[in-house]
Amino acid sequence: MIEKLNDGKSVRVEDDGKSVRVEEESNPQGIIDDNVLPSEVTKTRRRFWFCFYLLLLVMVCLFATRVPYIGSFPDSYLFEFVFGNLKYLIYAFIIVWIIFKLFRLRIIKIFKTKRFILGFVLCIVGFILVLAILQKYLLVNESVTLNTYISGFTSWSTSKDAQIYHSFMPTIWPSQPYLDAGIIATLLAISWEYIAAILLAIVALIFIGCSFLVFINRKNGKIVNWIKKWLIHLLGGNVYNNVYDELSPNKHDIDPVIHNSVEIKQEANKFEQLTPPISFLTDTSQDNYFNNKNRAEKLQHIINKFIRKISIDAAYRKTLIMPQYAEISFEVASKSQIDDILKMQNELLHMLQVDTFNIVFKGNVVKFEIPHKEISKISIRQILNSVSNIQTNEAVVGVGLENEPILLNIDKHPNVLIIGRRGSGAAMLLTTMLISLAYINKPSDMEIMILSPMGDRSLKYFDNLPYMHYPLAIELEDCLIKLHDLLKHIEERETKFKDAGAKTLIEFNKYQNNESNKLKTFVLVISSFDYLIRNSLQNLQLLNSILTKGSKVGVKVILLSINVNNETIEPKIYDETNARFILRLESERESLKIFDTYQGVQLNGNGDGYYFDTVANKKTRFQTCYLNANELLEIIKIIKTFYTTKTNISN
């Protein structure tokens, strides 16, 4: 069963630089085919194929210029005819540009960065010096000068000779017909065998050395990654290994405070300190509220001016400042005036001078969601400090529309579903929930088991936690074995609960006089759970049994999926989840399946989402906390050191 979240409508307006695209979010007939891709994915694919074909062209021009109609024509006419021997500089420039593009270096206007310009200028100077030295000491024909180049190029470019050879392979020196055929051919043709041999030997040594480094570092790749980072930083860029890795550090992030083990152990030695102090957490939040509020006020005046211009009777209601966007609400006199706004929304887009914005309308209320230029970031410490008395069964989620903290009670909501495409913030939300549960719960009270049948290693950091029942499982067979073991454990718990006459885990533990007989809260996390149950009725029944039975005996389940398909919204699984988090989805079709509207595509990503509390039948817009790998590793170190010290003291 899928709830209908909003009986209103919504529109997304985007400016791609050429034309304004308006997506009506209210008409199911407006869905395009199933293969629709979001603009980001489409741009990525286009960039990849453009770079691929351009690199192929360069390689052909460099190494296949002796083959007529394949390499000679583009090499001679596209490069040499215009640039002469400076074509190799163009090759170098294009190759460097392609490398930057393929690595997706996080650089603004890369060609204007100082290091790149300096490096390219040095390359040009070095190239000219090398040519001068070779021409002075190594060339057989010492009479060749710059004037020879100019006169030769001029005579060739003005020649009416129609011979095929001269058309496809123009040369300056008739005695050296291979001179302009490419770097390797040139070296071989003018009898620089020893230079060619040295260069080829150097290339071979580099290849062998890199292969050896890759082989010895095939597990962790520390040396290879260090060399790659060093080379990219030398060019003025920042390494961003996985464009979809939400935990990758950003150069604008606030670095976490590094606590030494002695300091952490001192706190653990205090009898009254049962959990790590919140003060150990770094406040990595970035508050741009006032700047965003001032900008929202200006945008409100622009919208007011726009509404008056099209003669609409509307009253301003309020402005909400969320971390990523501002929501400006107006109330119009009639619904027909909403149509007037939609007809002129392209003009409004240009008046606001933004790339995109959303229009959401319900009844007579129109809401304009406009992204901030400088987004704010929420930290786990910020949430924990704002809650007066957080319970051990509560996980941190983020903040809501009024910037109130949102916590998830896993006793009331034992089965959780998180859906969001890569880069939406779904992994960030899952990490925030897990790390906050681990921070405020003792290992003697909680166990965690993480399964990732798709082999996602982004959760590998949690293996260092003392809560892990098993190490991260990334093989499908291993995941299924662990799930069968868990189901047996659940059935054993059912027997114990029945014998004790208890209905909840809290009741059961109250009846136990011996601490060793008490049961822990068990948290099961399955990343890409839809892959686990895909085309397998047995696996579906297995997971459904765990969800149904486990929620009654203290087993909490968090399911994560990046795709929406028939397995994701399988009724037996979907109906068992009582807390659902929807972040930005891949396509309108997916959003319609989950939302019954298109709002899932309109989310901003980076942790912007909707929280559906099926127990209270309530929908809440939220922004999850932000943390990167550096902060996560520091928090895990604090948790591990603190609770390990506590365990040693108690023993």
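Here, the structure is the one placed above.
What counts as what
- Residues numbered from 1 in each chain as written.
- Predicted model: local features only at pLDDT ≥ 70, side-chain atom pairs only at ≥ 80, totals over all residues.
- Heavy atoms only, no water.
- Helix = DSSP H or I, 4+ residues; strand = E, 2+ residues; numbered from the N terminus.
- Buried < 20%, exposed > 50% of the residue type's maximum accessible area, 1.4 Å probe, protein only.
- Contact = heavy atoms within 4.5 Å.
- Areas by Shrake-Rupley, 256 points an atom, 1.4 Å probe, with all protein chains shown as cover.
- Salt bridge = Lys/Arg side-chain N within 4 Å of Asp/Glu carboxyl O.
- Core = buried A, V, L, I, M, F, W, Y, C linked by side-chain atoms within 4.5 Å.
- Pairing = 2+ DSSP bridges.
- Axes fitted to C-alpha atoms, helices over the stretch in contact; angles between N-to-C directions.
- Patch = residues over 30% accessible without salt bridge, like charges linked within 9 Å, V, L, I, M, F, W, Y side chains within 5 Å.
- Lys, Arg positive; Asp, Glu negative; His and termini not counted.
- Charge placed at Lys NZ, Arg CZ, Asp CG, Glu CD.
- Phe/Tyr/Trp six-rings, centres within 6.5 Å; stacked < 30°, edge-to-face > 60°.
- Lys NZ or Arg CZ within 6 Å of the ring centre and 35° of its normal.

1. Some thoughts on the overall build of the protein
Per the secondary structure count, the protein includes 23 helices and 15 strands. The 651 residues of the protein split such that 46% are buried. The long-range fraction of contacts in the protein, counting pairs at least 24 apart against all pairs at least 6 apart in sequence, stands at 69%. When the accessible surface of the protein is summed, it comes to about 34,400 Å², and 57% of that surface belongs to carbon and sulfur atoms.

2. A look at the pattern of salt bridges
Following the criterion strictly, the structure yields eleven salt bridges and no others. In this structure, the salt-bridge partner of Lys 482 is Asp 478, at a minimum N-O distance of 2.6 Å. Of this pair, Lys 482 and Asp 478 both sit in helix H16 (residues 476-500), separated by four residues, roughly a single helical turn. Lys 482 sits in the buried class, given a relative accessible area of 10%. A salt bridge links Asp 530 to Arg 534; the shortest N-O distance between them is 3.5 Å. Assessed through its relative accessible area of 35%, Arg 534 is described here as partly exposed. Here the salt bridges do not stand alone but share partners, grouping Glu 369, Asp 608 and Arg 621 into one network.

3. Concerning the nonpolar core
By size, the foremost hydrophobic cluster in this structure holds 60 residues, and its most contacted members are Leu 408, Ile 418, Ile 450, Phe 462, Phe 581 and Ile 639. Here the element with the most residues in this core is helix H15 (residues 426-440); it accounts for eleven residues. Not counting chain neighbours up to four residues away, the residues in contact with Ile 418 comprise Ala 426, Leu 429, Leu 430, Met 433, Ile 558, Leu 559, Leu 560, Ser 561, Phe 581 and Leu 583. Listed in part, the 42 residues of the second largest apolar core include Leu 417, Leu 486, Leu 547 and Ile 582.

4. Here's the deal with the side chain of Asn 544
Mapped onto the elements, Asn 544 comes out in helix H19 (residues 537-550). What makes Asn 544 buried here is its relative accessible area of 19%. Ignoring any residue separated from it by four or fewer positions in sequence, one finds Asn 544 in contact with Lys 572, Ile 573 and Glu 576.

5. Thoughts on the sheet that holds strand S12 (residues 555-561)
Spatially, S8-S7-S15-S14-S13-S9-S12-S11-S10 is the arrangement adopted by the nine strands of the open sheet, whose pairing is mixed. Looking along the sheet, the strands with just one partner apiece sit at the ends: strand S8 (405-409) and strand S10 (446-451). Averaged over all pairs of adjacent strands, the angle between their axes in this sheet comes to 25°, without regard to strand direction. Note: strand S9 (residues 415-419) against S12, five bridges, orientation parallel. Paired with Leu 417 across the strands is Leu 559, a residue of S12.

6. As for a positive patch on the surface
Together, Arg 317, Lys 318, Lys 367 and Lys 619 give the surface a local cluster of positive charge. Within the secondary structure, Arg 317 sits in strand S3 (residues 314-321). Among the residues examined, Arg 317 registers a relative accessible area of 45% and is labelled partly exposed.

7. Describing unusual backbone geometry
Of note, Ser 311 is a non-glycine position whose phi angle comes to about 60°, a positive value. In this fold, Ser 311 is placed in the loop between helix H11 (289-309) and S3. Unlike most non-glycine residues, Ser 528 shows phi in positive territory, near 55°. Take Ser 528: it is sitting in the loop between strand S11 (521-527) and helix H18 (529-533).

8. Re the packing of aromatic side chains
The final tally for this structure, using the stated rule, is nine aromatic pairs. Between the aromatic rings of Tyr 316 and Phe 330, the centroid separation amounts to 5.7 Å while the plane-to-plane angle is 65°, which identifies the pairing as edge-to-face. Taken together, the residues span a long stretch of sequence, with Tyr 316 in strand S3 and Phe 330 in strand S4 (residues 325-332) at a distance of 14 residues. Relative to Tyr 611, the ring of Phe 581 lies with its centre 4.6 Å away and its plane at 10°, an arrangement referred to as stacked. With a gap of 30 residues between them, Phe 581 in strand S13 (residues 579-583) and Tyr 611 in strand S14 (residues 608-613) connect regions that are remote in the sequence. Across this residue pair, the class does not change: Phe 581 and Tyr 611 are buried. Among the aromatic residues, ring-to-ring pairing joins Tyr 316, Phe 330 and Phe 368 into one connected group. If you follow Lys 482 out to its NZ or CZ, it ends over the ring of Tyr 470, 4.9 Å from the centre.

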